[in-house]
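Working through the structure, step by step
Here's the letter readout for the chains.
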Amino acid sequence: MLPLDEANTNLPTADVIIIGSGIVGSSVAWHLTQAGCRNVLMVERESHQGKGSTGKSMGGVRAQFATPVNIQMSLYSIPFYASFEERLGLPSEYRPQGYLFVATKPSHLDYLRTNQTLQKSLGLKQVRMLTRDEIVAIVPQLRSDDVLGGSFCPTDGFVDPYSVMVGFTTRACEQGATLWRSTEVTGINLENGRINGVETTRGPVSTPVVVNAAGPWAAQAAALAGVDLPVEPLRRMLVPTEPFDGVSHAIPMVIDMTNGFHFRPESLGFLLAWNDPEETPGYKTDFEPSFIEKILVRAADRVPCFENLAVNPKRAWAGLYEMSPDHHAIIGPVHEVPGFFCANGFSGHGVMHAPATGKILSDLILRGATDVVDSAEVLSPGRFAKGALLHETAVL
Ligand SMILES: Cc1cc2nc3c(=O)[nH]c(=O)nc-3n(C[C@H](O)[C@H](O)[C@H](O)COP(=O)(O)OP(=O)(O)OC[C@H]3O[C@@H](n4cnc5c(N)ncnc54)[C@H](O)[C@@H]3O)c2cc1C
């Protein structure tokens, strides 16, 4: 690792300043430097990267979405993760073990079929519907009396978000970027309504372009530029189990569509997740011990041998989703403040969509257009004022 903070501590100007150096900020930095824009400054208020949502993520990556823009973001990002080591010479730990959606109602099956038609039309060839027997062949321990079928895509899977973030940052810095840690962006300066610099706890830096990659704190970062950004933090909790070999570790991410409970292999055990519908927005990052009982009930209901799982509450954790009103990312320029760009509101998908986000923003900043998705405009920050919200129903 380069001595990042020492690389260039007195930058008076930068071509682009990125607020936040999680997986999204670091992907933007790498894509910019890769495209030749080298004077990029990432400003991170924590002493170490990964203390935001990136370090709390489940690392799931999937292309099984319901809207074209989410599918296309994944169709850039997943092959990117598959070739990450080739491109960057550092690991992403991509494991293509798949995502398996398990349907227990006819409406689930209709939903999966409709999505697959769209996914296939956009180029996702490997996704397929499965019968109950095929599902049981993949996970024999699953309780299947109410299972009607499901869908599976073998190129979906998992990555290690921390490794990805470090990989992007390391290579971005080798290509000219600088990372300031323990430094907060405290102000954004405008001149004639345009971006012309930021105030930081290390002093001012001038720049014509600021990228908001502040994760769950995106609304506060946008407010520094006078921009009202509808991103809210929402707690999500994960429960890792102690070593357990009653179920194969080669299984995919399994999603019980009855209640949203999902799990995947992790280390010698499993990682259990369920989005409690009673959770309310706010900066709550304490793990709530009563959640363990709630999730274990759902785990044992779908996989009866999970009744024997051992869990150490001290190893469970909570982090923040960055929710947008339509559960889609908010990416692109804020037209009212020229030079201010957003990479926010991923609503639980920021790891899987980080590569596409970096590419889209680098394209929009340097060329004003991108071909990663058919229309980047659908993700624009301006869509809320226009009432042009998107609709995604498969939020995990
Ligand atoms: C429990 C959980 C499970 C998840 N599972 C998945 C999953 O399976 N798949 C998936 O794709 N996504 C998942 N996510 C979502 C994913 O983790 C996030 O969408 C993603 O990490 C967002 O990355 P980011 O870089 O935008 O934000 P962050 O990682 O939060 O980084 C933002 C950074 O900005 C810094 N910052 C903020 N304000 C300032 C400022 N004013 N000055 C300087 N620095 C500042 C913060 O310190 C922070 O480091 C999960 C999230 C959680 C909480």
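Before reading on, note that the structure itself is shown above.
Residues numbered from 1 in each chain as written. Predicted model: local features only at pLDDT ≥ 70, side-chain atom pairs only at ≥ 80, totals over all residues. Heavy atoms only, no water.

1. So, the overall build of the protein chain
Scanning the protein chain from terminus to terminus reveals 11 helices and 19 strands. Here the C-alpha radius of gyration of the protein chain, 21 Å, is about what a compact globule of 396 residues would show, namely 21 Å. Seen through its C-alpha atoms, the protein chain measures out along the principal axes to roughly 65 × 45 × 40 Å. Taken across its 396 residues, the protein chain has 56% of its residues classed as buried. Long-range pairs, those at least 24 residues apart, make up 75% of the contacts in the protein chain with a sequence separation of at least 6. (Helix = DSSP H or I, 4+ residues; strand = E, 2+ residues; numbered from the N terminus. Rg over C-alpha atoms; globule rule 2.2 N^0.38 Å. Buried < 20%, exposed > 50% of the residue type's maximum accessible area, 1.4 Å probe, protein only. Contact = heavy atoms within 4.5 Å.)

2. Comments concerning empty space enclosed by the protein
Scanning all chains against the criterion turns up one cavity of 30 Å³ or more. The wall of the largest cavity is formed by 10 residues, among which Gln64, Leu112, Asn115, Gln119 and Ser151 lie closest to the centre. Broken down by element, the residue count for the lining of the largest cavity peaks at five residues, all from helix 5 (residues 106-121). (1 Å grid on protein atoms, 1.4 Å probe; cavity = no way out; pocket = protein on both sides within 12 Å on 5 of 7 lines; lining within 4 Å. Points joined across faces, edges and corners; volume = space filled by probe spheres on them.)

3. Quick look at the site of the ligand
With respect to spatial proximity, 37 residues lie near the ligand, and among them Glu44, Ser53, Thr54, Gly60 and Met352 are the closest. In the environment of the ligand, an oxygen atom lies 3.2 Å from a nitrogen or oxygen atom belonging to the backbone of Ile23. Separating a nitrogen atom of the ligand from a backbone N or O atom of Arg45 is a distance of 3.2 Å. Within the complex, 97% of the 1000 Å² of free accessible area of the ligand lies under protein. Elements with a contribution of two residues or more to the shell around the ligand: helix 2 (23-34), strand 13 (232-240) and strand 17 (317-323). Of the residues forming the shell around the ligand, the biggest block, four residues, is contributed by strand 17. (Near = heavy atom within 4 Å. Polar contact = N/O pair within 3.5 Å; in protein donor to acceptor, adjacent residues only side chain to side chain. Areas by Shrake-Rupley, 256 points an atom, 1.4 Å probe, with all protein chains shown as cover.)

4. Digging into the environment of Tyr162
Turning to its location among the elements, Tyr162 is positioned in helix 7 (residues 161-174). Along the primary structure Tyr162 and Ile23 are separated by 139 residues, whereas in three dimensions their C-alpha atoms are 7.6 Å apart.

5. Side note on the environment of Trp217
Inspection of the secondary structure assignment puts Trp217 in the loop between strand 12 (210-212) and helix 8 (218-223). Separated by 165 residues in the primary sequence, Trp217 and Gly52 place their C-alpha atoms 9.2 Å from one another. Excluding residues within four positions of it along the chain, Trp217 makes contact with Arg45, Gly52, Tyr283 and Leu320.

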